[in-house]
Amino acid sequence: MISPLQVLLVEDDFAIRRLLVDRLAANHVQVSEAGSLGDARLRLGERVVDLILLDLGLPDGDGLGFIEELRQWNDVPILVLSARDQEREKIRALDVGADDFLGKPFAMGELLARIRALTRRVRSSRTEPILQAGNVQIDFAGLSVLRDGAAVHLTPIELRLLLLLASQPGRVLTYRQMLLAGWSSADPDLHHYVRIVIGHLRRKLESDPARPAHLLTETGIGYRWQS
Ligand code: CA
């Protein structure tokens, strides 16, 4: 039997915190709570968690700095909860190492789906060298891709971006992160390179490239893999 998920909730709004703790507990997610970044550091010292839900505006500092600090030593999935819906801030959070974001207010079902997608990665994919997603099979060790059992020819750059996305299902990767991984560049003028490669990958892997099931667009931000 799989043990319940352990989530650290970092949120200074007491009412939101209470609501989330109750609703998550009802869905078999154990929550430890922190009302500040200082509390969050203490909680992380006490127990290992499967995921962090992080509000960005906290009384003793900015969540963005906390993500950067955490990523020096910890790769636990981070799902940012933010009332601030500016695209720029979401992108900054993702660029410094957050996995995904959800704007407040959000539906509980959506939050649970995101939590499951991000924690599934941690619990399974690291021990699974082969990912099966519908009719697509990706062999991370053999660096090969099959569609309906037949080998798919990918260029080196297509393969690199596909492995980057598919090795982290549910995680949103920004244009900047994909440019750095594929072309060692962060030049915003090169975003179209990423779009072109994703277009090629969709044609090669998706049953309906216009309505992709695996290579999903986060408009204006980047892409995520869904298994
Ligand atoms: Ca806040």
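Our structure is the block above this text.
Presented here is a report on the structure given in the accompanying data block. (Residues numbered from 1 in each chain as written. Predicted model: local features only at pLDDT ≥ 70, side-chain atom pairs only at ≥ 80, totals over all residues. Heavy atoms only, no water.)

1. What to know about the sheet that holds strand β6 (residues 78-82)
Definition in use: At least two DSSP bridges between two strands are needed for those strands to be called paired. Here a strand is any run of E in DSSP of at least two residues, a helix any run of H or I of at least four, and the numbering for each starts at the N terminus. Each axis is a line fitted through C-alpha atoms, and for a helix only the stretch in contact is used; angles between axes span 0 to 180 degrees, taken between their N-to-C directions. Contacts between residues were defined by any pair of non-hydrogen atoms, one from each residue, lying within 4.5 Å.
In spatial order, the strands read β2-β1-β3-β6-β7; together these five strands make up an open sheet with parallel pairing. Two strands in the sheet have a free side with no partner beyond their single neighbour: β2 (29-34) and β7 (100-103). Recorded for the sheet is a direction-independent mean angle of 20° between the axes of neighbouring strands. Sheet topology places β6 next to β7; four bridges connect them, and they run parallel. In the sheet register, S82 faces β7, and the bridge partner there is G103. Set on the sheet, helix α2 (residues 37-46) makes contact with β1 (5-10), β2 and β3 (51-55); between it and β2 the angle comes to about 135°. On the sheet, helix α3 (residues 63-71) packs against β3 and β6 and is oriented at approximately 155° with respect to β3.

2. With respect to the coordination of the calcium ion
The following threshold applies: Only nitrogen, oxygen and sulfur atoms qualify as donors, and only when within 2.8 Å of the metal (3.2 Å in the case of Na, K and Ca); with water excluded, sites may look incomplete.
Protein coordination at the calcium ion comes from D12 (OD), D55 (OD) and G57 (O), with a distance range of 2.1 to 2.4 Å. On the primary sequence, the residues serving as donors to the calcium ion are separated as D-x42-D-x1-G. A residue pair is termed long-range when its members are at least 10 positions apart, and D12 in the loop between β1 and α1 (14-26) and G57 in strand β4 (residues 57-58) qualify at 45 residues.

3. Points about the packing of helix α6 (residues 156-166) against helix α7 (residues 175-183)
This is how it is decided: By definition in this entry, angles of less than 35 degrees are roughly parallel, angles greater than 145 are roughly antiparallel, angles of 65 to 115 are roughly perpendicular, and the rest are oblique. Note on convention: the crossing is left-handed when the near helix lies turned anticlockwise from the far helix by less than a right angle, right-handed when the turn is clockwise. Throughout, the ten residues Ala, Val, Leu, Ile, Met, Phe, Trp, Tyr, Cys and Pro are labelled nonpolar, Asp, Glu, Lys and Arg are labelled charged, and all others, Gly among them, are labelled polar.
Where α6 meets α7, the axes come as close as 9 Å, and the angle between the chain directions of the two elements is 135°. Accordingly, the angle class assigned to the pair α6 and α7 is oblique. In terms of crossing hand, the pair formed by α6 and α7 is right-handed. Seen from α6, the contacting residues are I157, R160, L161, L164 and L165; seen from α7, they are Q177, M178, A181, G182 and W183. Class assignment of the residues belonging to the contact of α6 with α7 gives a composition of seven nonpolar, two polar and one charged.

4. What to know about the pairing of β6
Counted only if it meets this: Each residue gets one of three labels from its accessible area relative to the maximum for its type: buried under 20%, exposed over 50%, partly exposed in between, using a 1.4 Å probe on protein chains only.
In terms of burial, β6 is a largely internal element, five of the five residues being buried. By the alternation rule, side chains of β6 split into I78, V80 and S82 and L79 and L81, which are all buried. Relative to β6, β3 runs parallel, the two sharing four bridges. Along β6, the bridge assignment pairs D55 with L81.

5. So, α6
Counting buried positions over the 11 residues of α6 gives eight, a clear majority of the element. Turning to α6, its buried residues are I157, E158, L159, L161, L162, L163, L165 and A166.

6. Quick word on unusual backbone geometry
A cis amide bond links K104 with the next residue in sequence, P105, at an omega value of -5°. Its location among the elements puts P105 in the loop between β7 and α5 (108-125). Even without being glycine, L143 reaches a positive phi, approximately 55°. Here L143 lies in the loop between β9 (136-139) and β10 (144-147). The exposure class of L143 is partly exposed, given its relative accessible area of 48%. Positive phi, normally seen in glycine, also occurs at S184, with a value near 50°. With respect to the helices and strands, the residue S184 is situated in the loop between α7 and α8 (191-205).

7. A look at the nonpolar core
What counts, and what does not: We call a set of buried residues a nonpolar core when its members are Ala, Val, Leu, Ile, Met, Phe, Trp, Tyr or Cys and they connect through side-chain atoms within 4.5 Å of each other.
Within the largest apolar cluster, 27 residues are counted, with the highest numbers of intra-cluster contacts made by I138, V145 and W225. Elements with a contribution of two residues or more to this core: β8 (130-133), β9, α6, α7, α8 and β14 (222-225). In terms of residues, this core owes the most to one element, α6, which gives seven residues. When near neighbours in sequence (up to four residues on either side) are disregarded, I138 contacts P129, I130, L131, S144, V145, L162, L163, A166 and W225. In terms of nonpolar packing, the next biggest core, distinct from the first, is built from 24 residues, I52, L64, L70 and F101 among them.

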